[in-house]
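Inside the fold
Letter by letter, the chains look like this.
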Amino acid sequence: MPDAISRVFIAGAGLRGSGYPNAWNTIQMLRTLENVRIIECGRWLPESTRLWKIAGKSRFTGLFFFLRLLSANALSAIRLLLRGHNRSIAYIPYPGLFILWLLSWLPGRWRPRCVCDAYITIWDTLYQDRNLGNAASRTARLLLHFESRALRAAELVLVDTQANAEHVSRLFKIPRERIRALPLALDASTWTPPSSHSNTRGNNIIRVLFIGTFVPLQGATLIAQAIDALRGHDNLEFVLIGDGQQAEEAARWLQDNPAVTWLRDWQPAQVLAEHLAQADICLGIFGGEGKASRVLPFKLYMALAAGKAIITQQHYSLPDDTPPLPALCIPTDTQALADAILALASDPERREQLGEEAARYYHQYLSPAVLRQRWCRLLTRRYRDT
């Protein structure tokens, strides 16, 4: 880092909590960097905020929330411009498109140097992840134009995987060299691997855990169908945590199954950590091609950090300079998933091996220490160019 104190402004109206932990954890990591001073110029939305839920409500509710969000970002932009200068570095948490869109109307020489989170984009969330509307509609095209203009106003755009970097570059017309694929920021202390094997139930029951929203990206219906295909295997129990637009469809395959415990309300991080500690197998995503093949979701970071055996789909992407996952990677097929669960359930040595490899992998390639090093290089380069 530079010898002088470097200032990093936090701007916009950001999301945090167990559903959106990346920005909050990134800022806590930045506070540990030598010669970096964090200056807050924004605000945080309530931890219960879920953009997809607001999008699914009435048009009036959505418009009211949008106007509140826009006004909060306008105030943050004013604070940023008053307290910083045109070469200040500003970190913009997700969803950063509102403040970036406002700043985009300033000439480039007057605009702060913004580094923004785009590991999730609003357009992708609404029209690809959750299929909440027609991607060819006028509304969708307007949102695409709005978000594209906003993201192009950032000097650097941060995403989570190489495939997402390529996708964001193509979709929003951003030069690829202005996009970085960094690991997501996780509070690793919450997910510390247990000192001994997690199955302390005193029996041969194997617990399979799925954490996530019930949307096409996750392949939640496929997971429910695989669980249904495993009825009668008395040594298996399943814990599902999450809800979403496809929950009712998945419920058709899960009903009247005594082996299933389903917590449909999103749980705090500590509760998720407790369920992870008790799990023998963790399920990733099974949404197939498209967005599902471009992401490495938080739940896999959590399972890796907790040292768990993982089953996920074979098509996925990773941050820059990261080797393949130590996981059982399978086709997106109901029977393939059922077979993989049975195979791991009957092979404790393989589960233990995958768990040990997962913990090492997380420490070497995805941990806060790795992210810290990458941010140090990023900030050093940006300040040298000032």
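Up top is the structure these notes are about.
As a starting point, this report considers the structure included with it.

Parameters at a glance
Residues numbered from 1 in each chain as written. Predicted model: local features only at pLDDT ≥ 70, side-chain atom pairs only at ≥ 80, totals over all residues. Heavy atoms only, no water. Pairing = 2+ DSSP bridges. Helix = DSSP H or I, 4+ residues; strand = E, 2+ residues; numbered from the N terminus. Axes fitted to C-alpha atoms, helices over the stretch in contact; angles between N-to-C directions. Contact = heavy atoms within 4.5 Å. Phe/Tyr/Trp six-rings, centres within 6.5 Å; stacked < 30°, edge-to-face > 60°. Buried < 20%, exposed > 50% of the residue type's maximum accessible area, 1.4 Å probe, protein only. Lys NZ or Arg CZ within 6 Å of the ring centre and 35° of its normal.

1. Some words on the sheet that holds strand 6 (residues 113-117)
Strand order across the open sheet formed by six strands is 3-1-5-6-7-8, with parallel pairing between neighbours. Strand pairing shows two members of the sheet lacking a second neighbour, strand 3 (36-40) and strand 8 (179-181), which therefore form its edges. The average angle at which neighbouring strand axes cross in this sheet is 25°, direction not considered. Alignment of strand 1 (residues 6-10) against strand 5 (residues 89-92), held across three bridges, turns out to be parallel. By the bridge assignment for strand 5, Val8 is matched with Ile89. On top of the sheet, helix 7 (residues 162-172) reaches strand 7 (156-159) and strand 8; it is set at about 160° to strand 8, its chief contact.

2. Some points on the packing of aromatic side chains
For the structure on display, the rule yields ten aromatic pairs. Centre to centre, the rings of Tyr91 and Trp375 are 5.5 Å apart; their planes meet at 85°, and the pair counts as edge-to-face. Of this pair, Tyr91 sits in strand 5 while Trp375 sits in helix 14 (residues 368-384); the two residues are 284 residues apart in sequence, bridging distant segments of the chain. Neither Tyr91 nor Trp375 differs from the other in exposure class; each is buried. Residues Trp101 and Phe146 carry aromatic rings whose centres are separated by 5.0 Å and whose planes lie at 25° to one another, so their mutual orientation is stacked. Within this pair, whereas Trp101 is found in helix 4 (residues 97-103), its partner Phe146 is found in helix 6 (residues 138-152), the two being separated by 45 residues in sequence. Relative accessible area serves as the criterion here: at 24%, Trp101 is assigned to the partly exposed category. Through a chain of ring-to-ring contacts, three or more aromatic side chains come together here, namely Phe98, Trp101, Trp105 and Phe146. The cationic tip of Arg149 hangs over the ring face of Trp105; the distance from NZ or CZ to the ring centre is 3.5 Å.

3. Things to note about the environment of Ala224
Along the polypeptide, Ala224 turns up in helix 8 (residues 220-229). For the pair Ala224 and Thr334, spaced 110 residues apart in sequence, the C-alpha to C-alpha distance is 8.8 Å. With residues up to four places along the chain from it excluded, the contact list for Ala224 reads Ala250, Trp253 and Leu254.

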